[in-house]
Amino acid sequence: MLQFFKYVLATFVGIIIFLFASFFILVGIGSMLSSDDEVVIAEKSVLKLDLNKPIQEVGVENPFAEIGGPFGGNENAVGLKDIIEALKSAQKDDNIKGIYLKTEGPEAGWATLEEIRNQLLEFKKSKKFIVTYGESYSEKGYYIASLADKIYLNPAGGMEWNGLSAEYSFFKGTFDKLDIKPLVFRVGEFKSAIEMFSRQDMSDSSKKQSIELITAINGNFLKNISASRKIPVAELKGLADSLAVDNPKAALKYKFVTDLGYQDELESYLKRDLKIEDKKKITYVGVDKYLKGGSKVDEGDFNKRIGVLVAEGEITSGDGGDDNIGSDKFVKELKEIRENDKIKAVVIRINSPGGSALASDVMWREIQITAKKKPVIASMSDVAASGGYYMAMGCDKIVAQPNTITGSIGIFGLIFNVSDFMNNKLGVTFDGVGTSPHADWPTATRDMTEFEKSMIQKSVNEGYETFTKKAAAGRKMSVEKLKSLAQGRVWSGVEAKENGLVDVLGGVDDAIKIAAKAAKLGEGDYRVRYYPEKKKPFDELVTKMMGDEEEKASTKALGELAPYVKMYKKLLNMGGTQTRMPFELVIR
């Protein structure tokens, strides 16, 4: 017995020592990651802009991404804000001689790429070089690469040049096999978000808006590449139609690239240009490192600020999370901005396909209150559709990129009847009592009556009327005209500008300048501050570890059912009345 207590005591002491050691290790890591020591940028440095990773509005920094283990996991998500800031600084920094682009397959939307491309074009005014090397280039990657002074393509590599496409997934067959009945309620000919549940292919209206949308985006894409490579638009389109650029030699022949070569050959070229010896290494500096040590963009008066509130992800009620927009959290942040007298104007930076209709309306109201006190400008990123447009229409002006996806002014409701699935697949049945015939309404465990369905449709109709009336008031047009542009129809930024849903074509910097002018602030007389603030690396590490552990525990407990539960949770978020994009859209 005494021996047993000895072992217990030894184990207990060991656990205490381990916990203390872990605590001090984490504190040490935290101190290291929170360090604000400046990085010295050497002469003849080259800014290395790696776009072959996820690009978000505000970046996520995980210094241990490359290590793996409990501190590793997914690589960093680079922030668009950080990229733009680094490019602005590097343009004036004598220590930065040029830019090396890695842009084979960026994980970003078209409007984000437009922001980066425009800033790179601005950088070129400094007469510093921009070079790029790729083993292959996707069309998104080439959109950025096309402006480089030197474009190297691996002689054994590849080049995608076949036009843009959009493909959608349909789950009707899956639900039929599972005996799940989706009940759909919608307003708008083009509100085709629900087609993934009710059809096995695209409707004519969905095809119409989709082809017009990607044609508009492709037009902007070809126009800009034509200007950079001095190749006529008609020739670019013909080469895509004929699949003529099918190998590196063809890419060189048609002047898509300047050189066929390997990375070491590009580096030899850079060394000659930088006038450094062959044996010496080129000093590359990444965006995160450069922002800690590069020259800073001049800032204006501390007491005169433009607040940029980032709203990125699907729209939900409550606090939300890092990958969605929670209405409660948004309202709290915007209220603090409104009540801060140092902030003279606000830019709402929107990158959202929409989501909950109720949450969208809650945020719209807070934007309206703020607009009565100080100028509020909407800046649309890759997507600002449906609920995303709901937010924008409450602002004084709306700024969008030519290839922003916007509009989708419409509402739908979605309920899944799972009674047959539960009974036929799992043997679970339902029964109950109530004080009135509709006490359990709306329900997912029985067939609803036609009257009950009509009440849900009535609610959706009322939501659509509210949406369109508020949109018409915000755009200062008649409800009739607004409805002719609504019906759930999706538009590109160019089309939205032409039909009055957007005021100005441009990026977040343009929106900031418009906000400053509206607040009567002179150029260089103000500072720009983003909200919510970027997490410090240590905070991000702790959050990631906690999130990973929760997901691992869930996966372990559910086993093979884990992916289906994840999908089920997503479907639950689509329950109720939604102002959401008409489809899961990926243009490539």
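Whatever comes next refers back to the structure up there.
Rules of the game
Residues numbered from 1 in each chain as written. Predicted model: local features only at pLDDT ≥ 70, side-chain atom pairs only at ≥ 80, totals over all residues. Heavy atoms only, no water. Buried < 20%, exposed > 50% of the residue type's maximum accessible area, 1.4 Å probe, protein only. Helix = DSSP H or I, 4+ residues; strand = E, 2+ residues; numbered from the N terminus. Arc of directions from axis to C-beta. Pairing = 2+ DSSP bridges. Contact = heavy atoms within 4.5 Å. Axes fitted to C-alpha atoms, helices over the stretch in contact; angles between N-to-C directions. Phe/Tyr/Trp six-rings, centres within 6.5 Å; stacked < 30°, edge-to-face > 60°. Core = buried A, V, L, I, M, F, W, Y, C linked by side-chain atoms within 4.5 Å. Lys, Arg positive; Asp, Glu negative; His and termini not counted. Salt bridge = Lys/Arg side-chain N within 4 Å of Asp/Glu carboxyl O. Polar contact = N/O pair within 3.5 Å; in protein donor to acceptor, adjacent residues only side chain to side chain. Right-handed = clockwise from strand over helix to strand, strands pointing away.

**Examining helix α8 (residues 233-242)**
Thought 1: Buried residues of α8: Leu236, Leu239 and Ala240, and no others. Taken around the axis of α8, the buried residues stretch over an arc of 100°, which confines them to a single face. Those residues of α8 that are exposed and aimed more than 90 degrees away from the buried face are Ala234 and Asp241.
Thought 2: One or two residues past the end of α8 sits Leu243, with phi positive at roughly 55°.

**Points about the sheet that holds strand β9 (residues 283-285)**
Two modes of strand pairing occur in sheets, parallel and antiparallel, and in both the strands are linked by backbone hydrogen bonds.
Thought 1: Pairing is parallel across the open sheet formed by 6 strands, whose spatial order is β8-β6-β5-β4-β1-β9. Two strands lie at the open edges of the sheet, namely β8 (259-260) and β9, each paired on one side alone.
Thought 2: Strand contacts of helix α2 (residues 80-92): β1 (45-50) and β4 (96-102), with the helix running at about 160° to β1, the strand carrying the most contacts.
Thought 3: Each of β1, β4 and β5 (129-137) is contacted by helix α3 (residues 110-123), which is oriented at about 150° to β4, the strand it contacts most.

**Some remarks on the packing of aromatic side chains**
Thought 1: For the structure shown, the criterion picks out 13 aromatic pairs.
Thought 2: A ring pair is formed by Tyr143 and Phe221, whose centres lie 5.4 Å apart and whose planes are at 45°; its orientation type is tilted. Taken together, the positions of Tyr143 in helix α4 (residues 139-145) and Phe221 in helix α7 (residues 204-229) put the pair 78 residues apart, joining distant regions of the chain.
Thought 3: For Tyr143, a relative accessible area of 0% puts it in the buried group.

**What about the nonpolar core?**
Thought 1: Core analysis: the largest hydrophobic core is formed by 57 residues, its most contacted members being Leu49, Ile99, Leu120, Tyr142, Trp161 and Phe256.
Thought 2: Tyr142 has contacts with Thr103, Tyr137, Ile151, Met159, Trp161, Ile225, Arg229, Lys255 and Phe256, leaving out every residue within four places of it along the chain.
Thought 3: In this structure, Phe185, Ile343, Ile367 and Cys395 belong to the second largest nonpolar core, which totals 49 residues.

**Overview of the environment of Gly141**
Thought 1: For Gly141, the location among the structural elements is in helix α4.
Thought 2: Residues Gly141 and Ala108, spaced 33 residues apart in sequence, show a C-alpha to C-alpha distance of 9.8 Å.
Thought 3: Excluding anything up to four places from it in sequence, Gly141 contacts Thr103, Glu104 and Pro106.

**Some details on the side chain of Glu495**
Thought 1: On the secondary structure map, Glu495 appears in helix α18 (residues 493-499).
Thought 2: No salt bridge forms around the buried Glu495; measuring N to O, its nearest opposite-charge neighbour Arg489 is 4.9 Å away.
Thought 3: When near neighbours in sequence (up to four residues on either side) are disregarded, Glu495 contacts Glu212, Leu213 and Ala216.

**Section: unusual backbone geometry**
Thought 1: Note the cis peptide between Trp441 and Pro442, where omega equals -5°.
Thought 2: Turning to its location among the elements, Pro442 is positioned in the loop between α15 (419-426) and α16 (450-475).
Thought 3: For the peptide bond that leads from Tyr531 to Pro532, omega is -10°, which places it in the cis range.
Thought 4: One non-glycine residue, Lys44, adopts positive backbone phi at about 60°.
Thought 5: Topologically, Lys44 is positioned in the loop between α1 (2-33) and β1.
Thought 6: For Lys255, which is not glycine, the phi torsion reads 65° and is therefore positive.
Thought 7: Along the chain, the position of Lys255 falls in the loop between α9 (248-253) and β8.

**Some words on the pairing of strand β10 (residues 305-312)**
Consecutive residues of a regular strand have side chains that alternate between opposite faces of the sheet.
Thought 1: A large share of β10 lies buried, amounting to 7 of its 8 residues.
Thought 2: Here β10 runs beside strand β13 (residues 343-352); their pairing, made up of 8 bridges, is parallel. In the sheet register, Glu312 faces β13, and the bridge partner there is Asn351.
Thought 3: As paired strands, β10 and strand β21 (residues 527-531) are joined by 5 bridges and run parallel to one another. Paired with Arg305 across the bridge in β21 is Arg527.

**Some words on the side chain of Asp259**
Thought 1: Along the chain, Asp259 falls in strand β8.
Thought 2: Within polar-contact distance, the side chain of Asp259 engages the side chain of Lys150 at 3.3 Å.
Thought 3: Within the local environment of Asp259, its side chain forms a polar contact with the side chain of Thr258, the two groups lying 2.8 Å apart.

**What to know about the pairing of β4**
Thought 1: Counting buried residues along β4, 5 of its 7 residues qualify, which places the element largely inside the surrounding structure.
Thought 2: Relative to β5, β4 runs parallel, the two being bridged by 4 bridges. Within β5, the position partnered with Ile99 by the bridge is Ile130.
Thought 3: For the handedness criterion, the β-α-β arrangement of β4, α3 and β5 is classed as right-handed.

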